[in-house]
Amino acid sequence: MIKASNINKSFGRLQVLKNVDISVSQGEFVTIMGASGAGKTTLLQILGTLDKPDAGSVSINDTPVFDLKEEALAAFRNNHIGFVFQFHQLLPEFTALENIMIPAMIGNRPQEEAKERAEELLEYLNIKERANHKPNELSGGEKQRVAVARALINKPDVIFADEPSGSLDSKNKEELHNLFLDLKTRFGQTLVIVTHDPELAKISDRVIQMKDGQIIK
């Protein structure tokens, strides 16, 4: 489903990724691990089309994503890819429900349809009673569940997550890990997650180890 070949990326004179090849199957739960500076987040951002490689290619569902014009790439990203970040990235002026609806509204989905889907996700994630609360009224675990719901709103082909449990306490971390596992086992969701957490890696289908900009295992 995802195939990246010969990915190279430098920032100035620092080469962050060196001829990286990676493929991910549909419905696979993959974790990417390695020390800080190994290139994990840069690789994730390129796979998720948030950044472009200096050389190499990425295809998602047989679409060579970097051949798309900017507007088409943005539309592809919104419709096919979901993101979960370490610090939630929720918009503070909007409620939980509104934050979840944003990608659907960007994709020109009817408002009522987007609201219904967002409410379904809030119920699935056991935070329906928090729908009308703004981010500053939510706990860390609740914020991250809202972020997961936002990632799921457009029924993406793949969810990319960067240290999603990094800012959570042990209880919320365990709940989030169980949620990812449920998304994979119950719904066949494809997941690619950068993490330092061995407990999250343990429940994934495959662990990719990176070092100095290369995949070593």
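Our subject is the structure listed above.
As a starting point, this report considers the structure included with it. All figures in this text were calculated on a predicted structure; none of them were measured in a lab.

## Some remarks on the overall build of the protein
So, step 1. Within the protein one finds seven helices and ten strands.
So, step 2. Here the C-alpha radius of gyration of the protein, 17 Å, is about what a compact globule of 217 residues would show, namely 17 Å.
So, step 3. Across the 217 residues that make up the protein, the buried fraction comes to 48%.
So, step 4. Considering only residue pairs separated by 6 or more positions, the protein has 70% of its internal contacts joining residues 24 or more positions apart.
So, step 5. Computing the positive centroid from 26 side-chain charges and the negative centroid from 30, the protein places the two 4 Å apart.

## Let's talk about the pattern of salt bridges
So, step 1. Counting across every chain of the model gives twelve salt bridges.
So, step 2. One salt bridge connects Lys 52 with Glu 70, and the closest N-O pair in it is separated by 3.5 Å. You can see Lys 52 sitting in the loop between helix 1 (40-47) and strand 4 (55-60) and its partner Glu 70 sitting in helix 2 (residues 70-80), a full 18 residues away along the chain.
So, step 3. Of the residues examined, Lys 52 reaches a relative accessible area of 36% and is grouped as partly exposed.
So, step 4. Here Glu 70 falls in the exposed class, since its relative accessible area comes to 53%.
So, step 5. Across the pair Lys 173 and Asp 197 runs a salt bridge whose closest N-O atoms are separated by 3.8 Å. Taken together, the residues span a long stretch of sequence, with Lys 173 in helix 6 (residues 170-187) and Asp 197 in the loop between strand 8 (190-194) and helix 7 (198-203) at a distance of 24 residues.
So, step 6. Several salt bridges share partner residues, and in doing so they unite Lys 9, Asp 51 and Asp 54 into one network.

## Comments concerning the pairing of strand 4
So, step 1. Relative to strand 4, strand 1 (residues 2-11) runs antiparallel, the two sharing five bridges. Its bridge partner lying in strand 4, Ser 5 is registered against Ser 57.
So, step 2. Pairing analysis gives two bridges linking strand 4 to strand 5 (residues 63-64), with the strands arranged antiparallel. Of the residues in strand 5, the one forming a bridge with Ser 59 is Pro 64.
So, step 3. Here strand 4 hands over to strand 5 after two residues, with Asn 61 in that stretch at a positive phi of 50 degrees.

## Observations regarding the side chain of Asn 154
So, step 1. Among the structural elements, Asn 154 can be located in the loop between helix 5 (140-152) and strand 7 (158-162).
So, step 2. A polar side-chain atom of Asn 154 sits 3.2 Å from the main-chain carbonyl oxygen of Pro 103.
So, step 3. Once you skip the residues sitting within four places of it in the chain, Asn 154 turns out to touch Asn 78, Asn 79, Pro 103, Ala 104 and Arg 109.

## Observations concerning the sheet that holds strand 8
So, step 1. Strand order across the open sheet formed by six strands is 6-7-8-3-9-10, with mixed pairing between neighbours. Every interior strand has two partners, whereas the edge strands, strand 6 (81-84) and strand 10 (214-215), have only one.
So, step 2. In terms of strand pairing, strand 9 (residues 206-211) meets strand 10 through two bridges, oriented antiparallel. Bridge pairing in strand 10 links Met 210 to Ile 215.
So, step 3. Against the sheet, helix 5 engages strand 6 and strand 7, with an angle of about 170 degrees to strand 6.

## Considerations on empty space enclosed by the protein
So, step 1. Counting across every chain of the model gives two cavities of 30 Å³ or more.
So, step 2. Considered as a void within the structure, the largest cavity measures approximately 60 Å³ in volume.
So, step 3. Tallying contributions element by element places helix 1 first for the lining of the largest cavity, with three residues.
So, step 4. Among the residues forming the lining of the largest cavity, the class breakdown is four nonpolar, two polar and one charged.
So, step 5. Secondary-structure elements contributing two or more residues to the lining of the second largest cavity are helix 5 and helix 6.
So, step 6. Looking at the lining of the second largest cavity, its residues break down into two nonpolar, three polar and two charged.

Conventions adopted
- Residues numbered from 1 in each chain as written.
- Predicted model: local features only at pLDDT ≥ 70, side-chain atom pairs only at ≥ 80, totals over all residues.
- Heavy atoms only, no water.
- Helix = DSSP H or I, 4+ residues; strand = E, 2+ residues; numbered from the N terminus.
- Rg over C-alpha atoms; globule rule 2.2 N^0.38 Å.
- Buried < 20%, exposed > 50% of the residue type's maximum accessible area, 1.4 Å probe, protein only.
- Contact = heavy atoms within 4.5 Å.
- Lys, Arg positive; Asp, Glu negative; His and termini not counted.
- Charge placed at Lys NZ, Arg CZ, Asp CG, Glu CD.
- Salt bridge = Lys/Arg side-chain N within 4 Å of Asp/Glu carboxyl O.
- Pairing = 2+ DSSP bridges.
- Polar contact = N/O pair within 3.5 Å; in protein donor to acceptor, adjacent residues only side chain to side chain.
- Axes fitted to C-alpha atoms, helices over the stretch in contact; angles between N-to-C directions.
- 1 Å grid on protein atoms, 1.4 Å probe; cavity = no way out; pocket = protein on both sides within 12 Å on 5 of 7 lines; lining within 4 Å.
- Points joined across faces, edges and corners; volume = space filled by probe spheres on them.
- Nonpolar A, V, L, I, M, F, W, Y, C, P; charged D, E, K, R; others polar.

On their own, these measurements won't tell you what the molecule is for.
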